[in-house]
Amino acid sequence: MNPLHPTLSDPGSTLQTAAALRDTLGRPLRDLRISVTDRCNFRCVYCMPKEVFGNDYQFLERKALLSFEEIVRLARVFKALGVEKIRLTGGEPLVRRKIEQLVAMLAALGLDLTLTTNGSLLAKKAQALKDAGLKRVTVSLDSLDDAVFMRMNDVDFPVTRVLEGIAAAAAAGLAPVKINMVVKRGMNEHSILPMARYFRQSGHILRFIEYMDVGSTNGWRMDDVVTAREIVDTISAAMPLEPADPNYSGEVAARWRYQDGSGEIGVIASVTQAFCRDCTRARISTEGQLYTCLFATSGHDLRDLLRSGASDRDLLDSISAVWSKRADRYSEIRTGHTAKLEKIEMSYIGG
Ligand code: SAM
Ligand code: SF4
Ligand code: SF4
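Our subject in this report is the structure included herewith. (Residues numbered from 1 in each chain as written. Chains lettered and ligands numbered in written order. Predicted model: local features only at pLDDT ≥ 70, side-chain atom pairs only at ≥ 80, totals over all residues. Heavy atoms only, no water.)

**Regarding the overall build of the chain**
Of regular secondary structure, the chain possesses 12 helices and 12 strands. Taking 20 Å as the expected radius of gyration for a compact globule of 351 residues, we find that the chain reaches 20 Å, a close match to that expectation. Within the chain, the proportion of its 351 residues that are buried is 55%. A separation threshold of at least 6 residues defines the contact pool for the chain, and within that pool the share at least 24 residues apart is 72%. Carbon and sulfur atoms provide 51% of the accessible area of the chain, an area that totals close to 15100 Å². Looking at the chain, you have 46 positive and 43 negative side-chain charges, and the mean spots of the two groups are 3 Å apart. (Helix = DSSP H or I, 4+ residues; strand = E, 2+ residues; numbered from the N terminus. Rg over C-alpha atoms; globule rule 2.2 N^0.38 Å. Buried < 20%, exposed > 50% of the residue type's maximum accessible area, 1.4 Å probe, protein only. Contact = heavy atoms within 4.5 Å. Areas by Shrake-Rupley, 256 points an atom, 1.4 Å probe, with all protein chains shown as cover. Lys, Arg positive; Asp, Glu negative; His and termini not counted. Charge placed at Lys NZ, Arg CZ, Asp CG, Glu CD.)

**Some words on the nonpolar core**
Ranked by internal contacts, the top residues of the largest apolar core, which has 113 residues, are Phe 78, Ile 86, Leu 88, Leu 106, Phe 208 and Ile 235. With eight residues, helix α2 (residues 68-80) is the largest single contributor of residues to this core. (Core = buried A, V, L, I, M, F, W, Y, C linked by side-chain atoms within 4.5 Å.)

**Re the sheet that holds strand β6 (residues 205-210)**
Spatial ordering of the open sheet is given by β7-β8-β9-β6-β5-β4-β3-β2-β1-β10-β11-β12, a layout of 12 strands whose pairing is mixed. Strands with a single pairing partner mark the edges of an open sheet, and in this sheet they are β7 (241-243) and β12 (300-301). In terms of strand pairing, strand β1 (residues 31-35) meets strand β2 (residues 85-89) through five bridges, oriented parallel. Note on β2: the bridge partner recorded for Arg 33 is Arg 87. (Pairing = 2+ DSSP bridges.)

**Some details on the pattern of salt bridges**
Oppositely charged side chains can pair when the atoms bearing their charge come close. Tallied over the full model, the rule gives 24 salt bridges. Salt-bridge contacts for Asp 233 lead to Arg 229; the nearest nitrogen and oxygen are separated by 3.0 Å. Remark: Arg 229 and Asp 233 occur in helix α8 (residues 228-238); sequence separation between them is four residues, near one turn of the helix. (Salt bridge = Lys/Arg side-chain N within 4 Å of Asp/Glu carboxyl O.)

**Focus: the site of ligand 3**
If you check the shell around ligand 3, you find Phe 275, Cys 276, Cys 279, Arg 281, Arg 283, Cys 293, Leu 294, Phe 295, Arg 326, Asp 328, Tyr 330 and Ser 331 and nothing else. Those elements that provide at least two residues to the shell around ligand 3 are β10 (281-284) and α11 (330-333). Partitioning the shell around ligand 3 into residue classes produces seven nonpolar, one polar and four charged. (Near = heavy atom within 4 Å. Nonpolar A, V, L, I, M, F, W, Y, C, P; charged D, E, K, R; others polar.)

**Remarks on the site of ligand 1**
Of all residues adjacent to ligand 1, which total 20 residues, the nearest are Tyr 46, Gly 91, Ser 140, Met 212 and Met 346. When isolated, ligand 1 has an accessible area of 550 Å², and the protein chains bury 95% of it. Grouping the amino acids of the shell around ligand 1 by side-chain chemistry returns eight nonpolar, 10 polar and two charged.

**Some words on helix α3 (residues 99-107)**
For α3, the complete set of buried residues consists of Ile 99, Leu 102, Val 103 and Leu 106. One side of α3 holds all its buried residues, which, seen down the axis, span an arc of 105°. In this structure, the buried side of α3 is in contact with α2, β2, β3 (112-117) and α4 (122-132). (Arc of directions from axis to C-beta.)

**Describing the pairing of strand β9 (residues 264-268)**
Most of β9 is tucked away: four of the five residues are buried. Pairing geometry for strand β8 (residues 254-258) and β9, over four bridges, is antiparallel. In the strand pairing of β9, Trp 256 is matched with Ile 265. Linking β8 back to β9 in an antiparallel pair, the connection comprises five residues, with Gly 261 at a positive phi of about 80°.

**Quick notes on the environment of His 300**
Residue position: His 300 is located in strand β12. Residue classification places His 300 among the partly exposed residues on the basis of a relative accessible area of 35%. For the pair formed by His 300 and Asp 328, sequence separation is 28 residues and the distance between their alpha carbons is 14 Å. Those residues within four positions of His 300 in sequence are excluded, and the remaining contacts are Gly 288, Gln 289, Leu 290 and Val 322.

**Re unusual backbone geometry**
Here the amide bond leading from Ala 175 into Pro 176 is cis, since omega sits at 0°, within 30 degrees of zero. Mapped onto the secondary structure, Pro 176 falls in the loop between α6 (159-172) and β5 (178-183).

**Quick notes on the pairing of β6**
Of all the six residues making up β6, five are buried; the element is thus mostly covered by neighbouring parts of the structure. The pairing of β5 with β6 spans six bridges and is classified as parallel. Across the sheet, residue Asn 180 finds its bridge partner in β6, namely Arg 207. Chirality of the crossover, the property in question, places the unit of β5, helix α7 (residues 192-199) and β6 among those that are right-handed. As defined by bridge partners, β6 adjoins β9 across four bridges and the pair is classed as parallel. Along β9, the bridge assignment pairs Phe 208 with Val 267. (Right-handed = clockwise from strand over helix to strand, strands pointing away.)

**A look at the environment of Ala 237**
You can see Ala 237 is positioned in helix α8. Overall, Ala 237 belongs to the exposed group, its relative accessible area being 70%. A sequence separation of 44 residues divides Ala 237 from Leu 193, and the C-alpha atoms of the two residues are 9.9 Å apart.

Written as structure tokens, this is what we have:
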């Protein structure tokens, strides 16, 4: 037997596998994002624009989706390869039926388990998710102004219901809650300061995200990106900020804290300050394609392997082979031309 590719029941050698697995840029595999559905009850203009994801859009059929058992089996193999953290995402993960059952099954693996949600169903589900073993949640919220938020989610969803979801998550102990705000020029840059003020002493961590050229349907233009620098300057002019050290090496969000000690924010500068060299993330799409970059144009079919009788060892070998050839660093080489490439949609690949 190849000593680097042991069976999963051989924990000693499995550790060797995890330690040895590196991509071509020396990056280990540490985080796994799993998209549990390509569907969503929102139509955010930067992610699932209505003109494309309209009433006649063909979402995946149920049998195309990985089952909970298939997801857990893959998660176990990824854990053996070094994954320490799993994030459930989508689409909107809370629209997948019985999601708390999947959470309970994954929680049994003993990994750091989190979920990103638009918050719309969180007030109803937060306690059940916590009871099932979820550790924390990230909630997306782009404005506190109903008119702006509704224009961005494009389904007239009100801010208060998301705030109720955030409160329910915190009350259930899914804390600290992280709040993600995507900033798109001409849409919500005026919401930066009100959001910063509102969340400053809330105990939740607000993170601003530069608008990205994910997928190929959102009509991304560099001019629409409000840069991390602009975001920090806007807040700092009213409430002075200073840089804070990262919590751990490879942290995606740059941390800034208020000089008066009243809290901190994060800024995810995926466009203007690429962080590819520390990128340890793999993604599994709703139908079981493995992607080694958010901006990938093609994936590797794990569902076919799962459904054609592959052993855990076969899965482990295939995933290691893909990871060891990985050379992705899209954000470092982004140009106006690459932005126009046919990339996989974020709602499918998993944000
Ligand atoms: N539906 C869930 C939600 O909105 O939180 C999870 C999936 S969503 C694709 C994951 C994250 O990606 C959200 O925080 C969302 O705001 C962000 N996102 C989507 N499209 C984006 C874009 N074009 N640029 C930057 N962030 C984006
Ligand atoms: Fe849905 Fe999340 Fe995409 Fe908005 S960002 S359309 S909530 S998947
Ligand atoms: Fe990772 Fe790709 Fe994003 Fe770079 S562009 S940080 S490689 S997901």
